[in-house]
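Structural overview
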Amino acid sequence: MATQDGCIFCKIANHVIESDYVYEDELVVAFRDMSPMAPTHVLVVPKEHYDNIVDSVPADTLAAMAHAVDQVTRAEGIRESGFRTIANTGKDAGQTVMHLHWHVLGGETLPMALA
Ligand code: 5GP
Ligand code: ZN
């Protein structure tokens, strides 16, 4: 498993530090954001370290992330009402954790700018 020393999401995704998980499989975890910006605010995170979505992420990992979004939104009851999936990449997008993650936000009518 390729992880990066000192990366907080490597630690959470591999249970070195525990979090509030809502989904897990062999490739990804999903856990609640510590500063939620909506009633449901979950982060979908691969267990291997990738800096962002353009860091040569393998197709099976991207598929696992999409599957996790499906599972999480069903479990949270927001699949029918709608939700937003966001991947901030780099400085101009305000990415603060440099380990690939997708925000999944829902549970209310979302403002246009979020996460
Ligand atoms: P970014 O700004 O990089 O797109 O999003 C990083 C997100 O990770 C933020 O929404 C922030 O609240 C969340 N976050 C950062 N550190 C932790 C942590 O240790 N635990 C959890 N649960 N969320 C975190
Ligand atoms: Zn990492």
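Residues numbered from 1 in each chain as written. Chains lettered and ligands numbered in written order. Predicted model: local features only at pLDDT ≥ 70, side-chain atom pairs only at ≥ 80, totals over all residues. Heavy atoms only, no water.

For the rest of this paragraph, the subject is the coordination of the zinc ion (ligand 2). Donor atoms from the polypeptide that bind the zinc ion (ligand 2) are Cys7 (SG), Cys10 (SG), His49 (ND1) and His99 (ND1), placed at 2.1 to 2.3 Å. Coordination at the zinc ion (ligand 2) is tetrahedral: its 4 donor atoms span angles of 105 to 115 degrees at the metal. Here the donor residues of the zinc ion (ligand 2) are spaced in sequence according to C-x2-C-x38-H-x49-H. You can see Cys7 sitting in the segment before α1 (8-13) and its partner His49 sitting in the loop between β3 (40-46) and α2 (59-76), a full 42 residues away along the chain. With respect to class, Cys7 is no different from His49; both count as buried. (Donors = N, O, S within 2.8 Å, 3.2 Å for Na, K, Ca; no water. Tetrahedral: all angles 85-135°; square planar, octahedral: opposite > 155°, others 65-115°. Helix = DSSP H or I, 4+ residues; strand = E, 2+ residues; numbered from the N terminus. Buried < 20%, exposed > 50% of the residue type's maximum accessible area, 1.4 Å probe, protein only.)

Approximately 390 Å³ is the volume found for the largest pocket. Taken together, 20 residues form the lining of the largest pocket, with Phe9, Asp33, Met34, Leu43 and Val97 sitting closest to its centre. Elements with a minimum of two residues in the lining of the largest pocket: α1, β2 (28-32) and β3. Ranked by the residues each element gives to the lining of the largest pocket, the list is headed by α1, at 3 residues. Looking at the lining of the largest pocket residue by residue, the class counts come to 9 nonpolar, 9 polar and 2 charged. (1 Å grid on protein atoms, 1.4 Å probe; cavity = no way out; pocket = protein on both sides within 12 Å on 5 of 7 lines; lining within 4 Å. Points joined across faces, edges and corners; volume = space filled by probe spheres on them. Nonpolar A, V, L, I, M, F, W, Y, C, P; charged D, E, K, R; others polar.)

Every one of the 17 residues lining ligand 1 counts as a neighbour, but Arg32, Asp33, Asn88, Thr96 and His103 are closest to it. Contact distances for ligand 1 include 3.0 Å between an oxygen atom and a backbone N or O atom of Val97. Note that an oxygen atom of ligand 1 is positioned 3.0 Å from one of the side-chain N or O atoms of His101. Put simply, ligand 1 lies in the largest pocket. (Near = heavy atom within 4 Å. Polar contact = N/O pair within 3.5 Å; in protein donor to acceptor, adjacent residues only side chain to side chain. Sits in = over half its atoms within 2 Å of the grid points.)

Throughout the structure, instances matching the rule amount to 7 salt bridges. In this structure, Glu24 and Lys47 form a salt bridge, with 2.8 Å as the shortest nitrogen-oxygen distance. Here Lys47 lies in the loop between β3 and α2 and Glu24 lies in strand β1 (residues 21-24), a separation of 23 residues in the sequence. Between Arg79 and Glu80 there is a salt bridge, with its nearest N and O atoms 3.8 Å apart. You can call Glu80 exposed: its relative accessible area is 70%. Shared partners join several salt bridges into a network, and the residues in it are Asp70, Arg74, Arg79 and Glu80. (Salt bridge = Lys/Arg side-chain N within 4 Å of Asp/Glu carboxyl O.)

Turning our eyes to something else, we now look at the sheet that holds strand β5 (residues 102-106). A sheet is described by the order of its strands in space; here 5 strands give the open sequence β1-β2-β3-β5-β4, paired in antiparallel fashion. Only two strands of the sheet have a single neighbouring strand rather than two, namely β1 and β4 (83-86). Along the sheet, successive strands turn relative to each other by an average axial angle of 20 degrees, direction set aside. Across 5 bridges, β2 lies against β3 in antiparallel orientation. When the bridges of β3 are listed, Val28 appears paired with Pro46. Packed on one face of the sheet, α2 meets β1, β2, β3, β4 and β5 and runs near 155 degrees to β3. (Pairing = 2+ DSSP bridges. Axes fitted to C-alpha atoms, helices over the stretch in contact; angles between N-to-C directions. Contact = heavy atoms within 4.5 Å.)

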